[in-house]
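These are the residues of each chain, in order.
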Amino acid sequence: MSSRRMGRVDALADAVARRGVLHLRDAATLLGVSEMTVRRDVSAHPERFTYLGGHIVSADDIGGAYELDREADSHAGAKLAACRHALRLIKPDDTIFIDCGSTLVHLAQQIPADLPVTAICYSLNVAQCLAEKPNVRMILLGGIYHPASATFASGEWLEPLGRLGINKAFISAGGIDLHRGASCSHFHEVPIKQKAISGAIESHLVVDSSKFGIVKPAFFAKLGDFRSIVTENGAKAPDDAA
């Protein structure tokens, strides 16, 4: 590798380390090269970078550096079963919103390769799965990257999200209290979840049954805001889900 290219790759790594995530266009401007050159540099160093949805992130951040790793193996069978039930709700040509976390990645994985849908997401683990589906048109919401949940978040995306025609929103939660509602661990996720719920024709809360009786710091919706609550036992109306 030439010294010029090595210097460019090191500069890119430094920028990604400082910012957490770097848009391809911004990287090209920073380095004084074309976007194609940046793409080639990223592709040549998979051990250092990942390119996803127009953004460059550190390879170390893929999969989420936080409890996402711990949660992935927690109740995995129940999460998979819940998502199998949720998958039945998706119809050809639907526009769907898939929330973040360790549960709904199973829904993204199970979307059939021949099912044409538009899928909106804001987490890396979900986006990675959707990117492998040839008939999925993916919309990845951008913003500041949060390694703790492997998500992007930006207030600038809330208004455009509200203008998208979402048929079905599939929402995750870290806790469900029958009286107070659904909650999560990360406050930056709350406005995104709420915007998706309010803009969708129908919203479905997809969780495994271990989440009932748990309260997380950030409440984002009443159970009555959802058309159904989908667990490993199937989809039920909120009043019947307890």
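Data block above holds the structure.
Residues numbered from 1 in each chain as written. Predicted model: local features only at pLDDT ≥ 70, side-chain atom pairs only at ≥ 80, totals over all residues. Heavy atoms only, no water.

**Brief notes about the overall build of the protein**
For step 1, the next point in the chain: The secondary structure content of the protein amounts to nine helices and 15 strands.
For step 2, the next point in the chain: Compactness check: the protein gives a C-alpha radius of gyration of 19 Å against a globular reference of 18 Å for 242 residues, within 12% of the reference.
For step 3, the next point in the chain: With the C-alpha coordinates aligned to their principal axes, the bounding extent of the protein is approximately 65 × 35 × 35 Å.
For step 4, the next point in the chain: Looking at the 242 residues of the protein, the share that counts as buried comes to 51%.
For step 5, the next point in the chain: Across the protein, contacts joining residues at least 24 apart in sequence account for 63% of those joining residues at least 6 apart. (Helix = DSSP H or I, 4+ residues; strand = E, 2+ residues; numbered from the N terminus. Rg over C-alpha atoms; globule rule 2.2 N^0.38 Å. Buried < 20%, exposed > 50% of the residue type's maximum accessible area, 1.4 Å probe, protein only. Contact = heavy atoms within 4.5 Å.)

**Things to note about unusual backbone geometry**
For step 1, the next point in the chain: We note that Asp93 has phi near 70°; this positive angle belongs to a residue other than glycine.
For step 2, the next point in the chain: Along the chain, the position of Asp93 falls in the loop between helix H5 (76-87) and strand E4 (95-98).
For step 3, the next point in the chain: Located in the positive-phi region is Ala150, a residue other than glycine, with phi close to 55°.
For step 4, the next point in the chain: In this fold, Ala150 is placed in the loop between strand E7 (144-146) and strand E8 (151-153).

**Quick notes on the environment of Pro217**
For step 1, the next point in the chain: Its place among the elements puts Pro217 in the loop between strand E12 (200-206) and strand E13 (218-221).
For step 2, the next point in the chain: It is 5.6 Å that separates the C-alpha atoms of Pro217 and Ser185, two residues lying 32 residues apart in sequence.

**So, the packing of aromatic side chains**
To describe a pair of aromatic rings, you give the distance between the ring centres and the angle between the ring planes.
For step 1, the next point in the chain: Evaluated as defined, the whole model comprises two aromatic pairs.
For step 2, the next point in the chain: Centroid distance Phe97 to Tyr122: 5.9 Å. Interplanar angle 20°. Geometry classified as stacked. Linking Phe97 in strand E4 with Tyr122 in the loop between strand E5 (117-121) and helix H7 (124-131), this pair joins segments that are 25 residues apart in sequence.
For step 3, the next point in the chain: On the numbers, 5.3 Å between centres and 50° between planes, the contact of Tyr145 with Phe152 is tilted.
For step 4, the next point in the chain: Here the basic side chain of Lys193 rests over the ring of Phe220, its NZ or CZ set 4.8 Å away from the ring centre. (Phe/Tyr/Trp six-rings, centres within 6.5 Å; stacked < 30°, edge-to-face > 60°. Lys NZ or Arg CZ within 6 Å of the ring centre and 35° of its normal.)

Honestly, it's all geometry; don't read function into it.
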